[in-house]
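As a plain string of letters, each chain reads:
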Amino acid sequence: MILYIFYKYMHCFLNTDKIHFGKEMATYFFMLLWIIFVNPLLPQHLESLSVFLIIFLLTWQYEAGFIKKLSLTLLIYGTYVLCEMLIGYLLVMFDQNMRTDTFMTAYAIMMLLFMYACEQAAEFIKERFKKAQMAVAESENVKRQLAGYTNQMDVIKNSEEKISRLRHDLKHHLNELMLLAERDEAAKIKEYIKRMDDFMTYSKEYVSSGNTDIDSLLNLMLDIAKKELDNVSCRVSIPKEIAMDPFDLNVMLGNLLDNAILAAKQTNEKYLKVRISYKTGMLLIHIENSYAGDLRKEGRRYISTKDDDAAAHGLGIENVMAVVEKYDGDLEIRDENQVFQVKAVLYVSEEKQRISP
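Residues numbered from 1 in each chain as written. Predicted model: local features only at pLDDT ≥ 70, side-chain atom pairs only at ≥ 80, totals over all residues. Heavy atoms only, no water.

> How would you sum up the overall build of the protein chain? Please name residues and give values.
Looking only at helices and strands, one finds 10 helices and 7 strands in the protein chain. By the burial criterion, 36% of the 357 residues in the protein chain qualify as buried. For the protein chain, long-range pairs separated by at least 24 residues make up 69% of all intrachain contacts whose partners lie at least 6 apart in sequence. Summed over all atoms, the accessible surface of the protein chain reaches about 21,900 Å², with 58% contributed by carbon and sulfur. (Helix = DSSP H or I, 4+ residues; strand = E, 2+ residues; numbered from the N terminus. Buried < 20%, exposed > 50% of the residue type's maximum accessible area, 1.4 Å probe, protein only. Contact = heavy atoms within 4.5 Å. Areas by Shrake-Rupley, 256 points an atom, 1.4 Å probe, with all protein chains shown as cover.)

Written out as structure tokens, the structure reads:
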């Protein structure tokens, strides 16, 4: 029973995605034999150390860093020792003349109950803490989405103002172009048209695919990137409507671009490339950025290095993975030669705009 409690602790606090069930059960069976046949032969002061080693060895079959494994071992062992002391004290206080066999039976039962209660309490606290983290993350996504829409409204407003001003002077522009055409001055015509195009372009409108949800978010994030980085490029080719929840788009692109900009601005290259396209039911996302130093991983999972959110390490990429799974997609992450790449494929259909009767 005590091994089952240890098992519950491991599955609550460590990553068990890649664990082989057969090997895991074999390890616990070996530890059971150790407890039954070896522990009783050990001196009392070594029996407690044996429990510590059993817990520590159990952590090594799961994907986690050394510090996390040691911390969990200390948590479980500390709980074990605390329960041991508390139960012994309670039993002695209850009946000092209790027979040895009765004492040991009561001790074993109470030890298991107390340890299980502590594990359930730890699991409850962890779940509540995770829900609180998710609520904070969702709040940040909503804020980002609202900021994106606000920014896009600013883009649209400025674009409309420029179009209005250009329309007001359109007659004069056409007259000038006509005069240049009559003089056969092709170079000057090109230059004049370029000046008109520059006048029409708003400095914060980096993307204009026609898809409001993606344009609003990308224009916001690229404006941040342009201020922080030296080399930013973005190419988007998607339909105006795709069957994807705007909130999911925000979670996906917002988290990936947040991480990319944060990593890239710490490098000399300060490089970011974004490519988004749509092909026959597939939304393709490719984000590439420079990074410096070593990346933090737990097994195959990348861990966030944000100093301001140490408690939520990896939560952003977990949210991205959840969106990928929701749309039956695939996510590929690579890091080579100080370049970090994320390639995602999401299976979404193109929504046809309804034609009013």
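> Tell me about the packing of helix H2 (residues 21–38) against helix H3 (residues 44–59), residues and numbers included.
As a packed pair, H2 and H3 sit with axes 11 Å apart at the nearest point and diverge in direction by 175°. By the angle between their directions, the pair H2 and H3 is classed as roughly antiparallel. Residues Thr27, Tyr28, Met31, Trp34 and Ile35 of H2 form the contact with H3, whose participating residues are Ser50, Ile54, Leu57 and Leu58. (Axes fitted to C-alpha atoms, helices over the stretch in contact; angles between N-to-C directions. Parallel < 35°, antiparallel > 145°, perpendicular 65-115°, else oblique.)

> Any details on the environment of Thr73? Residues and values, ideally.
Relative to the assigned elements, Thr73 resides in helix H4 (residues 66–94). What Thr73 contacts, discounting residues up to four positions off in sequence, is Phe52, Ile55, Phe56 and Thr59. Separated by 2.8 Å, the side chain of Thr73 and the backbone oxygen of Lys69 make a polar contact. (Polar contact = N/O pair within 3.5 Å; in protein donor to acceptor, adjacent residues only side chain to side chain.)

> Describe in detail the packing of aromatic side chains, supporting the description with residues and values.
Inspection of the entire model under this criterion finds 9 aromatic pairs. Look at Tyr9 and Phe13: their rings are 6.4 Å apart centre to centre, the planes differ by 20°, and that puts the pair in the stacked class. Of the two residues, Tyr9 and Phe13 both sit in helix H1 (residues 2–13), 4 residues apart, roughly one turn of that helix. Look at Phe52 and Tyr77: their rings are 5.3 Å apart centre to centre, the planes differ by 85°, and that puts the pair in the edge-to-face class. Taken as a pair, Phe52 in helix H3 and Tyr77 in helix H4 lie far apart in primary sequence, 25 residues in all. Put simply, the rings of Phe52, Phe56, Trp60, Phe66 and Tyr77 touch in pairs and so form one group of aromatic residues. (Phe/Tyr/Trp six-rings, centres within 6.5 Å; stacked < 30°, edge-to-face > 60°.)

> So, the pattern of salt bridges: which residues are in play, and what are the values?
Here the structure, examined in full by the defined rule, presents 6 salt bridges. A salt bridge links Lys188 to Glu185; its shortest N-O distance comes to 3.1 Å. Assessed through its relative accessible area of 46%, Lys188 is described here as partly exposed. Across the salt bridge formed by Asp223 and Lys227, the nearest N and O atoms sit 3.5 Å from each other. A residue pair is termed a helical-turn pair when its members lie 3 or 4 positions apart in one helix, as Asp223 and Lys227 do in helix H8 (residues 212–228) at 4 residues. Classification of Asp223 by relative accessible area gives buried; the value is 9%. Taking relative accessible area as the criterion, Lys227 reaches 63% and is therefore assigned exposed. (Salt bridge = Lys/Arg side-chain N within 4 Å of Asp/Glu carboxyl O.)

> Can you break down the nonpolar core residue by residue, with the values?
If you look at the biggest cluster of nonpolar residues, it comprises 39 residues, and the most contacted ones within it are Leu218, Met244, Met252, Leu272, Ile276, Leu283 and Ile285. Secondary structure elements with two or more residues in this core: H8, strand E1 (231–237), helix H9 (246–264), strand E2 (271–279), strand E3 (282–290), helix H10 (315–326) and strand E7 (339–347). It is H9 that contributes the most residues to this core, 9 residues altogether. Ignoring sequence-local partners within four residues, the contact set of Ile276 consists of Leu218, Arg235, Val236, Ser237, Ile238, Leu253, Leu283, Leu284 and Ile285. Listed in part, the 24 residues of the second largest apolar core include Met10, Tyr62, Ala64 and Leu72. (Core = buried A, V, L, I, M, F, W, Y, C linked by side-chain atoms within 4.5 Å.)

> How would you sum up the packing of H8 against H9? Please name residues and give values.
For the pair H8 and H9, interaxial distance at closest approach is 10 Å and the crossing angle is 10°. Between H8 and H9, the angle is such that the two are roughly parallel. Across from Asp213, Ile214, Leu217, Leu218, Met221, Ile224, Ala225 and Glu228 in H8, the residues of H9 making contact are Pro246, Leu249, Asn250, Leu253, Gly254, Leu257, Asp258 and Ile261. For the contact of H8 with H9, the class distribution of residues is 11 nonpolar, 2 polar and 3 charged. (Nonpolar A, V, L, I, M, F, W, Y, C, P; charged D, E, K, R; others polar.)

> Before we move on, can you summarise the side chain of Glu288 with the specific residues and values?
Looking at the element boundaries, Glu288 is found in strand E3. The class of Glu288 is buried, set by a relative accessible area of 11%. Apart from residues no more than four positions distant in its own chain, Glu288 is found in contact with Tyr271, Leu272, Lys273, Val339, Phe340 and Gln341.

> Please set out a nonpolar patch on the surface residue by residue, giving values where relevant.
A surface patch of nonpolar side chains, amounting to about 480 Å² of accessible area, comprises Phe29, Leu32, Leu33, Ile36 and Phe37. Within the element layout of this structure, Phe37 appears in helix H2. Residue Phe37 is classed as exposed on the basis of its relative accessible area, which comes to 55%. (Patch = residues over 30% accessible without salt bridge, like charges linked within 9 Å, V, L, I, M, F, W, Y side chains within 5 Å.)

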